[in-house]
Amino acid sequence: MILRTNNCRLCDQDIKSIISFGKMPIANGFIDKKDLDSEYFYNLEVAFCTNCSLFQLIEMPDPKILFNQNYAYHSGQSKFMQSHFKDIAKMLINKYNLKINQFCVEIGNNDGGIVEYLNELGYNHLGVDPSTNVYNIAKSKGINVLNDYFSFDVAKKISKDYKKADFILAANALSHIPDLQSVFSGIENLLSDDGIFITEDPYLIDILKKISYDQIYDEHVYIFSLTSMQNICSKFGLELFDVEHTNSAGGSLRCFIAKKGAYNKTNNYNFFFDYENKLNLLNNKIYVDFNRSCKKSKEELLKLLKSLTNKNKTICGYSASAKNTTIYNYCGIGTEYIKFLTDTTPIKQNKLSPGMHIPIYDYKYFNENLPDYCFLGAWNLKEEILNKEKNNFSTKGKWISHVPHVHILNDTL
Ligand code: JHZ
Ligand code: SAH
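Quantities reported herein were computed from a predicted structural model and do not represent experimental measurements. Per chain, residue numbering runs from 1 following the sequence as it is written. Written order determines the labels here, with chains lettered from A and ligands numbered from 1. Residues qualify for local features only when their pLDDT is at least 70, as the model is predicted, and side-chain atom pairs are given and counted only at 80 or more; totals for whole chains, interfaces and linings, by contrast, use all residues. Think of the side-chain values as coming from all heavy atoms in the structure, minus any hydrogens and water.

A. A look at the packing of aromatic side chains. The criterion for an aromatic pair is that two Phe, Tyr or Trp rings (for Trp, the six-membered ring) have centres within 6.5 Å, with stacked assigned to planes under 30 degrees apart, edge-to-face to planes over 60 apart and tilted to the rest. According to the stated counting rule, one finds 26 aromatic pairs in the structure shown. With a centroid separation of 6.0 Å and 20 degrees between ring planes, the pair formed by F21 and Y213 is classed as stacked. Placement of F21 in strand β2 (residues 15–25) and of Y213 in the loop between α7 (204–210) and β11 (222–223) is noted, with a sequence separation of 192 residues between them. The two residues F21 and Y213 agree in class, both being buried. A centroid spacing of 6.1 Å and a plane angle of 65 degrees characterise the contact between Y203 and F272, whose relative ring orientation is edge-to-face. Pair noted here: Y203 is in the loop between β10 (191–202) and α7 and F272 is in helix α9 (residues 267–279), with a separation of 69 residues, a long-range link. Neither Y203 nor F272 differs from the other in exposure class; each is buried. Aromatic ring contacts, followed pair by pair, group Y318, Y363, F366, F393 and W399 into a single cluster. Either the NZ atom of lysine or the CZ atom of arginine qualifies as a charge over a ring when it sits within 6 Å of the ring centre and within 35 degrees of the ring normal. Across the ring face of Y269, the terminal group of K265 is positioned such that the distance to the ring centre comes to 5.5 Å. In this description a helix means any DSSP run of H or I spanning at least four residues, a strand means any run of E spanning at least two, and both kinds are numbered starting from the N terminus. Burial classification: accessible surface area is computed with a 1.4 Å probe over protein chains only, and a residue below 20% of its type maximum counts as buried, one above 50% as exposed, and the rest as partly exposed.

B. Spotlight on the pattern of salt bridges. Put simply, a salt bridge is a Lys or Arg side-chain nitrogen that is within 4 Å of an Asp or Glu carboxyl oxygen. Tallying each qualifying case throughout the model produces 19 salt bridges. The partner of E244 in a salt bridge is K95, with the nearest N and O atoms 3.8 Å apart. Remark: K95 occurs in the loop between α2 (79–94) and β6 (103–107) and E244 occurs in strand β12 (residues 238–246); sequence separation between them is 149 residues. Taking relative accessible area as the criterion, E244 reaches 23% and is therefore assigned partly exposed. Between R254 and E200 there is a salt bridge; the shortest N-O distance is 2.7 Å. Of this pair, R254 sits in strand β13 (residues 252–259) while E200 is found in strand β10, placing the two residues 54 residues apart along the sequence. Using a relative accessible area of 7% as the deciding quantity, one classes R254 as buried. Three or more residues are tied together by salt bridges with common partners; here these are K95, E200, D242, E244 and R254.

C. Fine view of the environment of M1. Along the polypeptide, M1 turns up in the segment before β1 (2–4). Note on M1: relative accessible area 60%, which makes it exposed. Taking the C-alpha atoms as reference, M1 lies 44 Å from S394; in sequence the two are 393 residues apart. Discounting residues that sit within four places of it in the chain, M1 has contacts with Y40, M60, P61, D62 and I65. Throughout, a residue-residue contact means that at least one pair of heavy atoms, one from each residue, lies within 4.5 Å.

D. Highlighting the sheet that holds strand β4 (residues 55–57). In this analysis, strands are considered paired if DSSP registers two or more bridges between them. Pairing within the open sheet is antiparallel, and its four strands lie in the order β2-β3-β4-β11. Looking at which strands have only one partner, the edges of the open sheet turn out to be β2 and β11. For β4 and β11, the ladder comprises two bridges, and the chain directions are antiparallel. Opposite Q56, over in β11, you have Y222 as the bridge partner. The strands that helix α10 (residues 285–310) touches are β2, β3 (41–49) and β4; relative to β2, the one it contacts most, it runs at about 25 degrees. Fitted lines through C-alpha atoms give the axes, limited to the stretch in contact for helices. The angle between two N-to-C directions lies from 0 to 180 degrees.

E. View of the layout of surface pockets. The distinction between a cavity and a pocket rests on a 1 Å grid over the protein atoms alone: a 1.4 Å probe fits inside a cavity but cannot get out, while a pocket stays open yet meets protein on both sides within 12 Å along at least five of seven lines, and a residue with an atom within 4 Å of a point counts as lining. Grid points are joined across faces, edges and corners, and a volume is the space filled by probe spheres set on the points. There is about 450 Å³ of room inside the second largest pocket. For the second largest pocket, the lining is made up of 21 residues, of which N28, G29, F30, I65 and N70 are closest to its centre. Basically, the charged four are Asp, Glu, Lys and Arg, the nonpolar ten are Ala, Val, Leu, Ile, Met, Phe, Trp, Tyr, Cys and Pro, and anything else, Gly included, counts as polar. Among the residues forming the lining of the second largest pocket, the class breakdown is ten nonpolar, six polar and five charged.

F. Representation of the nonpolar core within the structure. Remark: nonpolar core denotes a set of buried residues (Ala, Val, Leu, Ile, Met, Phe, Trp, Tyr, Cys) joined through side-chain atoms within 4.5 Å. Formed by 100 residues in total, the largest nonpolar core has its most connected members in F184, M229, I333 and I400. Per element, the largest residue contribution to this core is nine residues, and it comes from α10. Each of domain 1 (75–282) and domain 2 (285–408) accounts for three or more of the residues forming this core. Sequence-distant contacts of F184, that is, excluding residues within four places in its chain, are made with L174, F197, M229, I232, C233, F236 and L238. Listed in part, the 25 residues of the second largest apolar core include I114, L118, V145 and L169. By convention here, the domain bounds are inherited from an automatic or database domain assignment.

G. Layout of the domain arrangement of the protein. By the assigned domains, the protein splits into domain 1 (75–282) and domain 2 (285–408). Placing the centre of domain 1 and that of domain 2 at their C-alpha centroids yields a distance of 30 Å. Each partner contributes to the interface: domain 1 provides 21 residues, whereas domain 2 provides 23 residues. Throughout, the accessible surface (probe 1.4 Å) given up by two parts as they are put together, summed over both, is called the buried area. Taking both sides of the interface into account, the surface hidden between domain 1 and domain 2 amounts to around 2,000 Å²; carbon and sulfur atoms contribute 65%. Three residues stand out in domain 1 for area buried against domain 2, namely I211, Y213 and D214, and they jointly supply 36% of the buried area on that side.

If you want it as structure tokens, here you go:
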């Protein structure tokens, strides 16, 4: 089933379409050859609300099609994400003086998450994730987990079965839940009177400035800014009072939210508020420029891949990230340019990439078939990957990245 909206999913006002990426498969829908006939497609198109500025998908598949027993993204595959989650746990302990009897709930903790570290340190916690395969991995680590979609009803049940939460946490999860009414009224219900909800997702301004249009795909039904997040909170008796910019997921906004009036707004909040006001997120211009830049990025990537292929250079994609599904399908990049993708996640291996059907192999295959060029599919993990490859692929071949513009690393095009 496809969830389509013609009005803002928050305030029901007019939305303005920004860019249509065309027919798109499920971003994490890595597929077996035998299932190709039943591959699922929807129309990937983004819009912004002319009233509250919320950047959102017009169409998306039902979350049950995306998040289930076969969910392919496992955060445990990245050391960077692990240390990022550890840092959030440390922040709760050092900045907020987290006490052993306080209760932390994480929405979308996947195969571990922030609660993995809270569990190791003996703190009272609960993770909530609907994808059964990653839920099982988290459970096997001894983490307290609930296999469900966080919603108003689930929040009420947690309040009843456990207690009100002192902290609710989410990383790359809130932007994945279309029903804002249910999720935010659930947060308001579950949060204690002086509790804090800390959530981080890719930041709209990073995406617009880095032309990282690959962050736009079915799972990211919303791409938040401080402005749109505050507009959401204000409808549910909540208030955003502090923000931090983090380098996770290619540039994210970490939002600190509480019951209205519970905390004073910080200098950081005021700084980002002024910054976004100057950018004017209700003005079409910034999105028209983005649309033009996306088209240019597509043309330049195709031009580079064509010219390397004409010179008989071999190219592979390093990682089979969800983001790459948007790039490969929007640009029309298949095996004529990219021979294979390599990814460390077992569930993605020996399958085909969504839509363009590029084969995905493990690291051993990559090592035995080192190409001349690697497209850095997980550019957000550039440091971790380049460090891992400095004595391997990087000694033989070159890296291609499209962020913030198409280039070969350390080369001028
Ligand atoms: P990576 C996913 O996006 C989906 P993706 C989701 N919607 C989201 O918001 C973010 O995550 C948080 C592999 N890898 O992080 C592992 C290697 O092969 O860019 C991953 O499959 N070798 C929830 O999929 C992929 O790369 C390595 O050495 O765009 C990275 O995916 C390393 C470090 C990773 O997220
Ligand atoms: N927090 C991790 C995982 C992000 S993947 C990280 O930052 O790496 C997004 C996760 O959100 C998936 O595990 C998915 O199953 C989960 N998710 C999707 N909808 C959800 C919902 N309604 N409630 C809780 N989790 C949800």
